[in-house]
Amino acid sequence: QVQLVESGGGLVQAGGSLRLSCAASGSIFSINAMGWYRQFPGKQRELVATITSGGSTNYADSVKGRFTISRDNAKNTVYLQMNSLKPEDTAVYYCNAVVTTRYGSIINYWGQGTQVTVSS
C-alpha cells in the first residue's frame, strides 16, 4: 500500500557525517508526520527525530545539536543530517511515516532499516 525507501547509511569514522533519506510512495493521500527511529542490538526501537506536517520537530536528547531532520513535501521525502557522529550512534535506523491513505486509513509505515556504523 505504502512503501518507504531508505538510503544513505554506511560506515563512517567518529566525528564524521552521514545524510539519510527516505522517500514514501504508494497509496498516499497525505503524510501527517515523518521521522527516524533507531534500534540497538537487543534493545527496543527508540525515537531519533520527527517532523510534523506543520514543520514542528522533535529530537531525542542524545542527538540534539548534532542531527537535523527536514522534509520535502513535494517529494514525500524526509532527511536526517547526522553530524559529529559518535560510536554510540551505531544502530539500524528506520524511517517512519504516519500516512492517511487514499482509502481513508491513518497508518504507521516503516522502512526496512539502514545500518549506520560509526568507528572509534
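Residues numbered from 1 in each chain as written. Predicted model: local features only at pLDDT ≥ 70, side-chain atom pairs only at ≥ 80, totals over all residues. Heavy atoms only, no water.

Engineer: So what's going on with the pairing of strand β1 (residues 2-7)? Residues and values would help.
Structural biologist: Going residue by residue along β1, you find V2, L4 and E6 tucked away on one face and Q3, V5 and S7 left uncovered on the opposite face. Relative to strand β3 (residues 18-26), β1 runs antiparallel, the two being bridged by six bridges. Across the sheet, the residue bridging to E6 is C22, located in β3. (Buried < 20%, exposed > 50% of the residue type's maximum accessible area, 1.4 Å probe, protein only. Helix = DSSP H or I, 4+ residues; strand = E, 2+ residues; numbered from the N terminus. Pairing = 2+ DSSP bridges.)

Engineer: I'd like a description of the side chain of T77, backed by residues and values.
Structural biologist: Mapped onto the fold, T77 is located in strand β8 (residues 77-82). Here the side chain of T77 touches K75 through a polar contact of 2.9 Å, landing on its backbone oxygen. Those residues in contact with T77 that lie beyond four places of it in its chain are C22, A23, M34, S70, R71 and D72. (Polar contact = N/O pair within 3.5 Å; in protein donor to acceptor, adjacent residues only side chain to side chain. Contact = heavy atoms within 4.5 Å.)

Engineer: Which residues make up unusual backbone geometry, and what values do they have?
Structural biologist: Of note, N76 is a non-glycine position whose phi angle comes to about 50°, a positive value. Turning to its location among the elements, N76 is positioned in the loop between β7 (67-72) and β8. A positive phi angle, close to 50°, is found at S84, a residue other than glycine. By the element assignment, S84 lies in the loop between β8 and β9 (91-101). Among the residues examined, S84 registers a relative accessible area of 41% and is labelled partly exposed.

Engineer: Let's hear about the pairing of strand β4 (residues 28-39): which residues, and what values?
Structural biologist: Note: β4 against β9, ten bridges, orientation antiparallel. When the sheet's bridge partners are listed, G35 is paired in β9 with N96. Here β4 pairs with strand β5 (residues 46-52) via six bridges, running antiparallel. In the sheet register, M34 faces β5, and the bridge partner there is I51. Connecting the antiparallel pair β4 and β5 is a turn made up of six residues, with G42 showing a positive phi of about 75°.

Engineer: A description of the pattern of salt bridges should follow, citing residues and the corresponding values.
Structural biologist: Under the defined criterion, the tally for this structure stands at four salt bridges. One salt bridge connects E46 with R38, and the closest N-O pair in it is separated by 3.4 Å. Owing to a relative accessible area of 29%, E46 belongs among the partly exposed residues under this scheme. Taking relative accessible area as the criterion, R38 reaches 4% and is therefore assigned buried. When the shortest N-O distance is used, the salt bridge between R38 and D89 registers 3.0 Å. With R38 in strand β4 and D89 in the loop between β8 and β9, the pair connects residues that are 51 residues apart, well separated along the chain. The same class applies to R38 as to D89, namely buried. Via salt bridges that share partners, R38, E46, R66 and D89 belong to a single interconnected network. (Salt bridge = Lys/Arg side-chain N within 4 Å of Asp/Glu carboxyl O.)

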